[in-house]
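# Tertiary structure, described
Residue-level listing of the chains:
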Amino acid sequence: MRVFVIGSFVIACSVKVPRLPQAGESLGGSAFRAEPGGKGFNLALAAHRLGVGVDGLFAVGADVFSPVVRSTFAQVGFPETMLVPHAGSTGAGVAFVDPAGENCLAVCLGANLALTAADVRAAADRVAAADLVAATFESPDAPIREAFALARAAGLPTLLNPSPMRRLDPAILADTTILVVNGIEATALGLGPAEALAETRRPTPAIAALLDGGLDHLVVTLGERGAVAFRPGLPPLRQPAFPVAAVDTVGAGDAFAAGLMAALLAKAPLGAALRRAAACGALATAQFGAFDAFPTAAALEAFLDGAGPDAASGDAGLSTGPTAR
Ligand code: ADP
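This text gives an overview of the structure that appears in the document.

What counts and how
- Residues numbered from 1 in each chain as written.
- Predicted model: local features only at pLDDT ≥ 70, side-chain atom pairs only at ≥ 80, totals over all residues.
- Heavy atoms only, no water.
- Core = buried A, V, L, I, M, F, W, Y, C linked by side-chain atoms within 4.5 Å.
- Buried < 20%, exposed > 50% of the residue type's maximum accessible area, 1.4 Å probe, protein only.
- Contact = heavy atoms within 4.5 Å.
- Helix = DSSP H or I, 4+ residues; strand = E, 2+ residues; numbered from the N terminus.
- Polar contact = N/O pair within 3.5 Å; in protein donor to acceptor, adjacent residues only side chain to side chain.
- Pairing = 2+ DSSP bridges.
- Axes fitted to C-alpha atoms, helices over the stretch in contact; angles between N-to-C directions.
- Near = heavy atom within 4 Å.
- Areas by Shrake-Rupley, 256 points an atom, 1.4 Å probe, with all protein chains shown as cover.
- Parallel < 35°, antiparallel > 145°, perpendicular 65-115°, else oblique.
- Nonpolar A, V, L, I, M, F, W, Y, C, P; charged D, E, K, R; others polar.
- Expected span 1.5 Å × (residues − 1).
- Arc of directions from axis to C-beta.

### Side note on the nonpolar core
Generally speaking, soluble globular proteins have nonpolar side chains that are buried together. Of all hydrophobic cores here, the largest spans 59 residues; its most connected members are Phe41, Phe58, Phe73, Leu159 and Leu260. In this view, leucine 159 contacts Leu132, Val133, Ala134, Ala135, Phe148, Ile178, Val180, Ala257, Leu260 and Met261; residues no more than four positions away in its chain are not counted.

### Points about the side chain of aspartate 55
Here aspartate 55 lies in strand S4 (residues 53-60). The buried category is assigned to aspartate 55, whose relative accessible area is 9%. Polar contacts involving the side chain of aspartate 55 include one to the side chain of arginine 126, which spans 2.9 Å. Apart from the residues lying within four places of it in its own chain, the contact partners of aspartate 55 are Arg2, Val3, Phe4, Val5, Met82 and Arg126.

### Quick word on the sheet that holds strand S3 (residues 31-37)
Pairing in this open sheet of four strands is mixed, and the strands run S3-S2-S6-S7 from one edge to the other. Of all the strands in the sheet, just S3 and strand S7 (103-108) have a single pairing partner and so form its edges. Between one strand axis and the next, the sheet turns through 15 degrees on average, direction left out of account. Across seven bridges, the pairing between strand S2 (residues 10-16) and S3 is antiparallel. Bridging from a neighbouring strand, valine 10 pairs with glycine 37 of S3.

### Here's the deal with the site of the ligand
Neighbouring the ligand are 18 residues, the closest being Asn182, Thr221, Gly223, Gly226 and Gly253. Glycine 226 has a polar backbone atom sitting 2.9 Å from an oxygen atom of the ligand. Here an oxygen atom of the ligand sits 3.1 Å away from a polar atom, N or O, in the main chain of glycine 253. For the ligand, the protein covers 85% of the area, taking 550 Å² as the surface of the free molecule. If one sorts the elements of the shell around the ligand by residue count, helix H11 (residues 270-285) sits on top with four residues.

### Looking at the sheet that holds strand S12 (residues 227-231)
Strand order in this open sheet of nine strands is S5-S4-S1-S8-S9-S10-S11-S12-S13, and the pairing throughout is mixed. The outermost strands of the open sheet, each flanked by one partner alone, are strand S5 (83-85) and strand S13 (234-239). Across the sheet, the mean angle separating the axes of adjacent strands is 15 degrees when strand polarity is ignored. With five bridges connecting them, strand S1 (residues 2-6) and S4 associate as parallel partners. Note that in S4 the partner of valine 5 across the bridge is glycine 56. Sitting on the sheet, helix H1 (residues 39-49) is in contact with S1, S4, strand S8 (132-136) and strand S9 (158-161), with an inclination near 160 degrees to S4. This element, H11, spans strand S11 (217-221), S12 and S13 of the sheet and lies at about 30 degrees to S13.

### Quick look at the packing of H11 against helix H12 (residues 297-307)
Direction vectors running N to C along H11 and H12 enclose 105 degrees, while the axes themselves pass 10 Å from each other. Considering the angle they form, H11 stands roughly perpendicular to H12. Contacts between H11 and H12 involve Arg275, Arg276, Ala279, Cys280, Ala282 and Leu283 on the former and, on the latter, Ala299, Leu300, Glu301, Phe303, Leu304 and Ala307. The class makeup of the residues in the contact of H11 with H12 is nine nonpolar, no polar and three charged.

### Focus: the environment of aspartate 212
Tracing the backbone shows aspartate 212 in helix H9 (residues 205-212). Sequence separation of aspartate 212 and alanine 174 is 38 residues, and the distance between their C-alpha atoms is 9.8 Å.

### A few points about helix H5 (residues 141-153)
Between its first and last C-alpha atoms H5 spans 18 Å; for 13 residues at 1.5 Å apiece the expected length is 18 Å, and the two agree. Those residues of H5 not exposed but buried are Asp141, Pro143, Ile144, Glu146, Ala147, Phe148 and Ala151. Buried-residue contacts for H5 involve S1, helix H3 (117-122), helix H4 (124-128), S8, S9 and helix H6 (170-174). Phi for glycine 155, located one or two positions after H5, is positive at around 75 degrees.

### As for H9
Residues Ile207, Leu210 and Leu211 constitute the buried set of H9. Seen from one end, H9 has its buried residues packed into an arc of 100 degrees, which puts them on one side. Exposed and oriented more than 90 degrees from the buried face of H9 are Pro205 and Asp212. Looking at the buried positions of H9, the neighbouring elements they touch are H6, strand S10 (178-182), helix H8 (194-199), S11 and S12. The first or second residue beyond H9 is glycine 214, which carries a positive phi of 120 degrees.

Structure below.
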């Protein structure tokens, strides 16, 4: 099993402050943390922890953070060939976190936005050698469009997590097999409020229109309310969240998408894949940050063994894994 990720990399810096600063104010912080992240990197790392082979393209800038990116990739075991040097700053973000956990932050995607279709074309053989191609909206449309077109030409499924949400390029959507969105993104897509999606018994016209465009699976994640999956011509499939003591939900969506991808690649039925994905999401919330929080395959199995049958979706394998179209 191998995925090719059109990636993004962001160094997430956070400072613990006694209260959120005001304009012009300079506060002393009690702790500083810099963690490798970014939605594309998180997806790749979470998949890798689950035992999926990972390749991909990640733009790295020309600044003080570029050696950090290289050492992080080496530490994780990702080859340097996954890094594409571009001018400008490496993706980075800064957050202030107050004692109540409230935060304010800004992220500059920097070099991530410089990734091009030509970068993808130069790696066309590697894309075609994958079993699935995945992307998030921390990458520009052009490389995603190119990679998904290559995937379609090679008969490979694709997974898109359009976060942070922007207009969905119809060409990208036409080549998307699995679309994973959270409640906010689903609402932005015109699919209705998350509360209604959690309860809906049949695809609404907006969901049906999206599925008619060629999607195999539309999966909406709803935080501690779990997730719901829509497929053409079939009733929605619901997956409750696993009850866990969540300490930090950063990375839950990335872990969920990686778990779903890994399970579908292993040819699990959709119901079982959703259960594994939800377990990955739950496990990612049980620790601070994202980097250390993504479960290994062994941790996932141990969690599922102890979770009992109640959390299962009850699906009897109605759907197969991703299919080439
Ligand atoms: P995102 O991080 O993209 O906003 P969600 O918050 O919807 O995504 O979380 C993705 C998945 O992770 C959910 O569908 C759920 O299965 C799991 N999850 C998220 N938050 C919790 C939580 N507090 N407890 C248990 N599982 C959770």
